Structures are given as structure tokens and as C-alpha cells.
Amino acid sequence: MPISMTGFGRAETTEDKWSHVWEIRSVNSRFLDLKWRLPASLRGFEHSWEKIVRKYGSRGRVEISLNLEVFSADLLGVCLNRLQAEAMIKQVRDMADEQGIVFAPDYNKLFELSYLWRDTSNEPDPALAESVSKGLEAALANWVESRSAEGEILKDDLIARFEILKGYVKVINKRVPEILEEKRAALIERIKTMLENANADFSEERMLQEVAILTDKLDVSEELTRLDAHIGRIFEVLNSDGDTGKRLDFLLQETFREINTCGNKCQDVEVSKMVVEFKAELEKCREQVQNIE
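Conventions we followed
- Residues numbered from 1 in each chain as written.
- Predicted model: local features only at pLDDT ≥ 70, side-chain atom pairs only at ≥ 80, totals over all residues.
- Heavy atoms only, no water.
- Helix = DSSP H or I, 4+ residues; strand = E, 2+ residues; numbered from the N terminus.
- Expected span 1.5 Å × (residues − 1).
- Buried < 20%, exposed > 50% of the residue type's maximum accessible area, 1.4 Å probe, protein only.
- Arc of directions from axis to C-beta.
- Phe/Tyr/Trp six-rings, centres within 6.5 Å; stacked < 30°, edge-to-face > 60°.
- Lys NZ or Arg CZ within 6 Å of the ring centre and 35° of its normal.
- Pairing = 2+ DSSP bridges.
- Salt bridge = Lys/Arg side-chain N within 4 Å of Asp/Glu carboxyl O.

All right, on to helix α7 (residues 269-289) then. Taking 1.5 Å per residue as the helical rise, α7 with its 21 residues ought to reach 30 Å, and the 30 Å between its terminal C-alpha atoms agrees with that figure. Every buried residue of α7 is listed here: V271, M274, V275, F278, E281, L282, C285, Q288 and V289. The arc that holds the buried residues of α7, viewed along the axis, is 140 degrees, so those residues lie on one side. Every exposed residue of α7 that faces more than 90 degrees away from the buried side is listed here: V269, K273, V276 and E287.

Once that is clear, we can look at the environment of E163. Secondary-structure assignment places E163 in helix α3 (residues 126-197). For the pair E163 and F235, spaced 72 residues apart in sequence, the C-alpha separation works out to 9.4 Å.

Once that is clear, we can look at the packing of aromatic side chains. Scanning all chains against the criterion turns up six aromatic pairs. Centre to centre, the rings of W22 and W49 are 5.2 Å apart; their planes meet at 85 degrees, and the pair counts as edge-to-face. With W22 in strand β2 (residues 18-27) and W49 in helix α1 (residues 46-56), the pair connects residues that are 27 residues apart, well separated along the chain. One exposure class covers both W22 and W49, and it is buried. Each member of the aromatic cluster is reached from another via a ring pair, and the members are W22, W36, F45 and W49. Between R147 and the ring centre of W143, over which it is positioned, the NZ or CZ distance is 3.9 Å.

The two faces of strand β1 (residues 7-14) differ: G7, G9, A11 and T13 on one face are buried, but F8, R10, E12 and T14 on the other face are not. Bridge count between β1 and β2: eight bridges; the pairing is antiparallel. Note that in β2 the partner of G9 across the bridge is I24.

Glancing now at the pattern of salt bridges. Across all of its chains, the model carries 17 salt bridges by this definition. One salt bridge in this structure joins K134 and E130, with 3.4 Å as the shortest N-O distance. Linking K134 with E130, this pair stays in helix α3, spanning four residues, or about one helical turn. R233 is the partner of E236 in a salt bridge, and the nearest nitrogen-oxygen pair spans 2.9 Å. Residue E236 and its partner R233 are located together in helix α5 (residues 221-238), separated by three residues, close to a single helical turn.

Laid out in C-alpha cells, this is it:
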């Protein structure tokens, strides 16, 4: 079944020591293009998480963001460089004593000195990392569900449009024999008139040769056969799994080539109008297919 590249997924997890929310947004793209927005402490997991994402999608521009809130101070990994802070206070106190000044350190100022604080959490808490990874998988599952629902809508729309195209092919197929007969009759009449005006002898063999050449130029039976086969194959792809979008895109290119040839060869006003309608509807199909994975 076709899956849309446009979708949204979300998963929220709240536990005693932390809370995190994953959000996934995607639009169409030729390849899988991942854009991460992660807390600095979890960026080391980006590579392993990318492998997980690829299990759920193969194409699209995907933005993945994580909002993490930690409730336990132990998990923050923040440490005051007490040795340096104490040395700084001692130096100032000694200088104040030498000058007979009463010194009372303002400990609130320590919060403003960023170089006194260190991040000691080289690796996040294993339980937190596991919880966040499970949250990502839940968000991806929700994302796939969203894209599948959108894909079902695209599939129904495409089936309806290709039924219309199938009807156009039937009309053209019916019209082609009439065109050939009209063109043959017109050619024979024109040649006879030219021969009469030139007082030339009528040659039935030459006439048959000219009719055969004309028939070959106007005959689009092979193109219509391939066109019908392409549309039939499109219905099969719409009901199958795999790289649906890429296969449909290729089939649409081939379909456009065949209908364009039909329009060029037939030299008929009615068929030309039908070909224009066919191309217009086919272009709408191509726009829809661009959103299928």
C-alpha cells in the first residue's frame, strides 16, 4: 500500500526522574534527509537512532526534535569546581585582611562565573537513554500510522484519476480506426484528383503503396497497447508494497511518452483534444505521486 512522505508523529513519556517528548514532521524528498534537534547530552546517539529511523522510512525530508526535561539533579551532571572557588575566596580574604577590611563573600556571584561549573555527564544515564530510545520508536510508529492514513487517501485519489485515463484510452482506441479510414479515403480522393488534373494514368499498385505508407504513419496501435499495459501496471503497483513512489514515477514517465506519441501521429482534432485532457490529468497524478514514498 502506498505510504505518503508527508506526516506527523508524536510520543510523550513521563517518569519519576524525567519527561521527554518526541515530535516528527516530514515532507516529500527524493532521498531520506534527516534533520535532528537534540539536547547536547544526547547527540552521541544520533547515529544509532538514524538506523532506527531508516526501519520506518526510506524517503522524505524528516525533522526530528526531542524536548527533554530532567527532574533529578543527579542526572544533570553539573559540578562546581570547589577547589578553584575556595582558592579564589581565600585570595580575596587574605587581601582584605591585609588591608583591615571585613570580607564576606557573595556566594550568589558564583552562579555568574560559568568557568567554575563543569558538565561531568560524559554519558547519559543508561535508564534515561533507554527510555528516550523507546520514546523515539513510539513516535516513529505514530508517524508511520499518520503517513499510512495519508497514503490511503492518495491511493484512492490516484485510482479514480487513472480510471479516467483508462477511459480516455478506450475512446482514442475506438477513434483510431475511424481516423485511418477517413485519411485513406481522403488520400485516395486527392491522388485521383491530381492524376485527373495531370492527365496521368491511374496505378492501383502505386495507390496501395501510398495508402500503406500513410497507414504506417498514423498507426498508433502499438503505442495504445503499451499505454494500456502501463496503466494496468500502475493499478498493480498501487496495490503492492515496496518502493511504490519510484515505480509509479517511472511508469508515469513512460505513460506520458506513449500518449504524446499518439497525439503526434494521429493528426486528428478529436484525438488531440483527448490527448490534452489526458496530459492534464496525468500531470495531476504526477503531483500526487511526488508525495508517495
